[in-house]
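Survey of secondary and tertiary structure
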Amino acid sequence: MTDTRFDPSTADGRWQRAWDEARCFEADSNSARPKSYVLEMFPYPSGRIHIGHVRNYTMGDVLARYKKMRGFEVLHPMGWDAFGMPAENAAMEKGVHPGGWTRENIANMKAQLKRIGFALDWSREIATCEPDYYGHEQALFLDLYEAGLVYRRQSEVNWDPVDMTVLANEQVIDGKGWRSGADVEKRKLDQWFLRITQFADDLLEGLGTLEKWPDKVRLMQENWIGKSQGLEFSFTLSNGESLPVYTTRPDTIFGATFVAVAADHPVARSLDNEAARAFIALCKKGGTTAAELETAEKLGFDTGLTARHPFTGAPLPVYIANFVLMDYGTGAIMAVPGHDQRDFEFATKYGLPIPRVVAADPADANKPFGTEAEAGDGVLVNSDFLDGMAVEAAKREVIARAEAEGWGKGTTVWRLRDWGVSRQRYWGTPIPFIHCAACGVVPVPKDQLPVVLPEDVDFKTPGNPLLRHSTWKHTTCPKCGAAAERETDTLDTFVDSSWYFLRFASQPADRPFDPEEVAKWLPVEQYIGGIEHAILHLLYARFWTRALQHIGQIDFAEPFASLFTQGMVTHATLELEYEDPLTGEKTGKTSYLLPEEVEWQGDKAFWRDAKNNLKPVKVGRVIKMSKSKKNVVDPDTIIARYGADAVRWFMLSDSPPERDLPWSEAGIEGCWRFVQRLWRLFGQYDGAAEGEDKALLRKLHQTVAAVAEDIEALSFNKAVARLYELASAIDKAALSATRAHAIRTMAQLVSPMMPHLAEEGWVAMGGEGLVAMAAWPAVDPALLVEDEVTIAVQHKGKLRDTLTVAKGLPQAELEALALASANVQRSLDGAPVRKVIVVPDRLVNIVT
RNA sequence: GCGGGUGUGGCGGAAUGGUAGACGCCGGGGACUUAAAAUCCCCUGAGCUUUGCUCGUGCGGGUUCGAGUCCCGCCACCCGCACCA
């Protein structure tokens, strides 16, 4: 066999073509094998595959290839989350068409993915921006409309008054539009909503069945749904009107010292008062995000109205407050400054009283507050009939009294809000409705779908091109035939990603999916993606699946049986300080460098200038790779240099997959060396060698079992460590039939991770067919157990000695051996033994 | 601000409440070579009075024969917050 180096530049492409020709990775839904659906979150086609994608898809690929070797019929598809803002930004900045830009990006990224050797079923590829995808989405949207799950109402958006356009939250920077720099305003528009709140309880309950989801994601979703029990009641205002409020802390009702309403609350808007209008206008400034609202300084406006306290009859001042949300509860609150931080800050600012009604101990009833509210548990004080009660009992008591006296009732309130899906943008799925002056809002008949986006649009003027288009929106009413206008809002791209996993299972031309095929493949056995999707995407996909179940199109509620959230790929930032070209002095200005532009000497980085001088480079913090910081590596560059397998191996090594992975030149070099080391090992395969090596055989079987276990647990870093150990054991072993067998088995074991090298070695060692199609090696359980164990001997909890003994040695013998140890005797130094703890096959701890 | 997570040698990390630091990287020493690259072997948490002892898993407490692991209180960093995907 050859002793030259493994050459990925020729081998990678050769095997990628071989897999394509054998159509290895096309899923056959008629197969009798057990099925396994492995899915990674599909990418946005930004133009280039990011190293984070490589990590994500390598993990899924290892699992998919492994499952195939274990005899499963594997569905491992790939597609493109192809609608969204970046395409429109590119159109505005570079004058390209969003569709052309997106499709070109898809072609580039697909070629990149192919070069990494992923075992993907490209015959099922989808792009959400094509009418043969989004047309079916429009049909599903109409189905949900018929089921009463779609409605329209007014909702706030970020409005840029200079660009005359709606801004996304990320386009609002410090309350100003990112392009215009103008102060952003909140503006109300008629928008489309999905009734996700109808499934709130169900989505919450369903979390309990998702045993293979990370606890943290389930907890985040639970908190997001935010089920709370509270009291809804109405204050009578001094003008005679009634003001409904909702509180989750009815127990603290005697601590209420004021009432606050949202800026867009009817009570606020009805004030005939210049100062009030000015204050409401002030509240309209700034963005719409929760983070912004909650960190902004608490501001209020005294309406002059008072509200009558339901128990004491005291008049409480009514404020308009910028921290009260119209979307949650009733848009009005009873404020209890002692026991709510926001109310506390507000009361402090406006000099309102802060009484204590909950104390850790009844004796602390008049203990003053520090600089913060106390939201914790305790006993009610200063609260009339509630005094002495625990918080929970007091909540029940107040609700019971309110209900008995008829002025309020116990209510369940959800933090979860309905899903606003309207986007005032071009590059998205057109919402299939028509506005008719006579008939109102009319759905587009299904036989007229898809409503296709016009291609002839321009982005020279700001705003939605669909609104400006000369013909597109003009149509006729499907009901009365009169002239009418199309809806110009498009759907949130989260809608596109809420059902793509169904379309992968089957792609009929006349329907969104074939229910029988979906039943065969779904739910997804393993879903892999970033933690940043823990709430929105995953909750919306769960909702959409439930909605389809609700209308009888599918018969399961949860799309993803098992979820894994992987960490990011990170790298230090590299900064070079400019020097004045004439004087050579530092200018204080710096620029970021790409990792490939620096040279390392130990942990110091340098940049080589045009005159071949080395300039020191400042190595910054290790952070998520981002284009703006230039701390990125391009998958194509490193694959060209090291081959796909070394890159794949790096993605799996060292860092646990759920944690961040710091990219390093030294690390990828190490992976490259291991690729070559395995290649040399394959070269040592000798099919004619004789003799058994029991120790190596044991190590081999232990490794096969452990690697299988690690891959199934997605603990790739541990599997990698095991394979390093096995490689070292084989290296050290003398020539034998066992050694040859182990070398050949190694090709199978690394095949999910380094498939090109594995194929090349497999064929060189006379393996039949493709190793990608070979079976996973069998394990002999008898070879997994060791017959000797090492026992730790401790005295005073510290290690004093170790003993190597036969497995299963009785406790009394272990104890005797431990006490006989010279190290133990020296440590004991004659002290009397009080107690000996023996854990069989593990340790002996002597207590004195 | 609210919700969630993470923290172990110079670095990435391993460790069913039971020998902390597996495995890899970096570094040091050696072999091979005219030389280099490549490769192979050995060493590599800190300190000390070095057959061994002490300290050591972000910080401060606690439970336990025994704590990286369990409990309480902090600190730092990361993710999400509903129109980025």
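Presented here is a report on the structure given in the accompanying data block. Not measured: the values here are computed from a predicted model. (Residues numbered from 1 in each chain as written. Chains lettered and ligands numbered in written order. Predicted model: local features only at pLDDT ≥ 70, side-chain atom pairs only at ≥ 80, totals over all residues. Heavy atoms only, no water.)

So, on to the pairing of strand 15 (residues 332–335). Of the two faces of strand 15, the one carrying A332 and M334 and the one carrying I333 and A335 are both buried. Sheet topology note: the strand 12 (residues 258–261)/strand 15 ladder contains four bridges and is antiparallel. In the sheet register, A260 faces strand 15, and the bridge partner there is I333. (Buried < 20%, exposed > 50% of the residue type's maximum accessible area, 1.4 Å probe, protein only. Helix = DSSP H or I, 4+ residues; strand = E, 2+ residues; numbered from the N terminus. Pairing = 2+ DSSP bridges.)

Moving on to the sheet that holds strand 22 (residues 440–443). The antiparallel open sheet is built from four strands, whose spatial order is 22-21-24-23. With one partner strand each, in any of the chains shown, strand 22 and strand 23 (474–476) form the two edges of the open sheet. Put simply, the sheet's adjacent strands are angled 40° from each other on average, direction ignored. For strand 23 and strand 24 (residues 483–486), the ladder comprises three bridges, and the chain directions are antiparallel. Paired with T475 across the two strands is A484, which belongs to strand 24. (Axes fitted to C-alpha atoms, helices over the stretch in contact; angles between N-to-C directions.)

Attention shifts here to the side chain of H265. Note that H265 resides in the loop between strand 12 and helix 8 (266–269). Judged by relative accessible area, H265 falls into the buried class, the value being 6%.

Turning our eyes to something else, we now look at the protein's contact with RNA strand B. Around RNA strand B, a shell composed of 68 residues is seen, among which N169, R425, S655, R659 and N845 lie nearest. Taken together, the sugar and phosphate atoms account for 65% of what RNA strand B places within 4 Å of the protein. N717 has a polar side-chain atom sitting 3.2 Å from a phosphate oxygen of RNA strand B. K718 places a side-chain nitrogen or oxygen 2.8 Å from a phosphate oxygen of RNA strand B. The class makeup of the residues in the surface near RNA strand B is 27 nonpolar, 18 polar and 23 charged. (Near = heavy atom within 4 Å. Polar contact = N/O pair within 3.5 Å; in protein donor to acceptor, adjacent residues only side chain to side chain. Nonpolar A, V, L, I, M, F, W, Y, C, P; charged D, E, K, R; others polar.)

So, about the packing of aromatic side chains. Throughout the structure, instances matching the rule amount to 43 aromatic pairs. Between the aromatic rings of Y426 and F459, the centroid separation amounts to 5.7 Å while the plane-to-plane angle is 70°, which identifies the pairing as edge-to-face. Of this pair, Y426 sits in the loop between strand 20 (422–423) and strand 21 (433–436) while F459 sits in the loop between strand 22 and helix 13 (465–468), placing them 33 residues apart in sequence. Here Y426 and F459 have matching classes, each one buried. If you follow R356 out to its NZ or CZ, it ends over the ring of F369, 4.4 Å from the centre. The side chain of R486 reaches across the aromatic face of W472, ending 5.8 Å from its centre. (Phe/Tyr/Trp six-rings, centres within 6.5 Å; stacked < 30°, edge-to-face > 60°. Lys NZ or Arg CZ within 6 Å of the ring centre and 35° of its normal.)

Turning to the pattern of salt bridges, a few remarks are in order. Applying the stated criterion across every chain, the model contains 42 salt bridges. Residue K446 pairs with D143 through a salt bridge whose shortest N-O separation is 2.4 Å. Taken together, the residues span a long stretch of sequence, with K446 in the loop between strand 22 and helix 13 and D143 in helix 5 (residues 131–146) at a distance of 303 residues. Relative accessible area serves as the criterion here: at 42%, K446 is assigned to the partly exposed category. Of the charged contacts, one joins K227 and D201 as a salt bridge, the two residues approaching to 3.5 Å between their closest N and O atoms. Of the two residues, K227 is situated in strand 10 (residues 227–237) and D201 in helix 6 (residues 200–207); the sequence distance between them amounts to 26 residues. The exposure class of D201 is partly exposed, given its relative accessible area of 35%. (Salt bridge = Lys/Arg side-chain N within 4 Å of Asp/Glu carboxyl O.)

According to the stated counting rule, one finds zero disulfides in the structure shown. C477 provides the cysteine sulfur closest to C436, a residue in no disulfide bond, and the two sulfurs are 3.6 Å apart. The structure places no disulfide on C480, whose sulfur is separated from the nearest cysteine sulfur, that of C436, by 3.6 Å. Residue C480 is classed as partly exposed on the basis of its relative accessible area, which comes to 42%. (Disulfide = S-S within 2.5 Å.)

On to the sheet that holds strand 35 (residues 798–806), then. Here four strands make up an open sheet; going across it, the order is 35-34-37-36 and the pairing mixed. Pairing within the sheet leaves two strands with one partner each, and these edge strands are strand 35 and strand 36 (835–839). In this sheet, neighbouring strand axes are inclined to one another by 20° on average, regardless of whether the strands run parallel or antiparallel. Sheet topology places strand 36 next to strand 37 (residues 843–847); five bridges connect them, and they run antiparallel. Directly across from K835, in strand 37, lies its bridge partner V847.

In this model, L449 is joined to P450 through a cis peptide bond whose omega is -5°. Secondary-structure assignment places P450 in the loop between strand 22 and helix 13. A cis geometry characterises the amide bond from L522 onward to P523, with omega recorded as 0°. As for its position among the elements, P523 is in the loop between helix 16 (515–521) and strand 26 (526–530). Even without a glycine there, the phi angle at M164 is positive, about 50°. If you trace the backbone, M164 turns up in the loop between strand 5 (150–160) and strand 6 (165–167). Judged by relative accessible area, which is 52%, M164 ranks as exposed. A positive phi is found at D654, a non-glycine position, where the angle reads about 65°.

Moving on to the nonpolar core. In globular proteins that are soluble, nonpolar side chains generally tend to be buried together. If you look at the biggest cluster of nonpolar residues, it comprises 170 residues, and the most contacted ones within it are Y500, F501, L522 and W663. Contacts of F501, omitting those with residues within four sequence positions, involve Y37, L39, L522, V524, A541, T545, P559 and F560. Listed in part, the 39 residues of the second largest apolar core include V245, V267, V357 and A394. (Core = buried A, V, L, I, M, F, W, Y, C linked by side-chain atoms within 4.5 Å. Contact = heavy atoms within 4.5 Å.)

Our next topic: helix 22 (residues 737–750). The terminal C-alpha atoms of helix 22, which comprises 14 residues, lie 20 Å apart, in line with the 20 Å expected from a rise of 1.5 Å per residue. Most of helix 22 is tucked away, with 11 of its 14 residues classed as buried. Within the sequence span of helix 22, burial applies to T738, R739, A740, A742, I743, T745, M746, A747, Q748, L749 and V750. Its side-chain oxygen at 3.3 Å from the backbone nitrogen of T738, S736 defines the N-terminal cap of helix 22. (Expected span 1.5 Å × (residues − 1).)

A word on helix 17 (residues 536–550). With 15 residues, helix 17 extends 21 Å from end C-alpha to end C-alpha; this agrees with the ideal 21 Å at 1.5 Å per step. Taken across its 15 residues, helix 17 has 12 buried, putting it largely inside the fold. Buried residues of helix 17: H537, L538, L539, Y540, A541, R542, F543, W544, T545, R546, A547 and L548, and no others. Just past helix 17, the residue G552 takes up positive phi, approximately 80°.

What follows deals with empty space enclosed by the protein. Summed over all chains, the structure comprises three cavities of 30 Å³ or more. In this structure, the largest cavity occupies an estimated 80 Å³ of space. Considering the residues around the largest cavity, the lining is formed by C24, F25, E26, A64, R65, K68, E73, V74, H76 and A119. Elements with a contribution of two residues or more to the lining of the largest cavity: helix 2 (51–69) and strand 2 (73–75). Grouping the amino acids of the lining of the largest cavity by side-chain chemistry returns five nonpolar, one polar and four charged. Taken as a whole, the second largest cavity holds about 50 Å³ of empty space. For the lining of the second largest cavity, the leading source of residues is helix 18 (residues 635–652), giving three residues. By residue class, the composition of the lining of the second largest cavity is three nonpolar, one polar and four charged. (1 Å grid on protein atoms, 1.4 Å probe; cavity = no way out; pocket = protein on both sides within 12 Å on 5 of 7 lines; lining within 4 Å. Points joined across faces, edges and corners; volume = space filled by probe spheres on them.)

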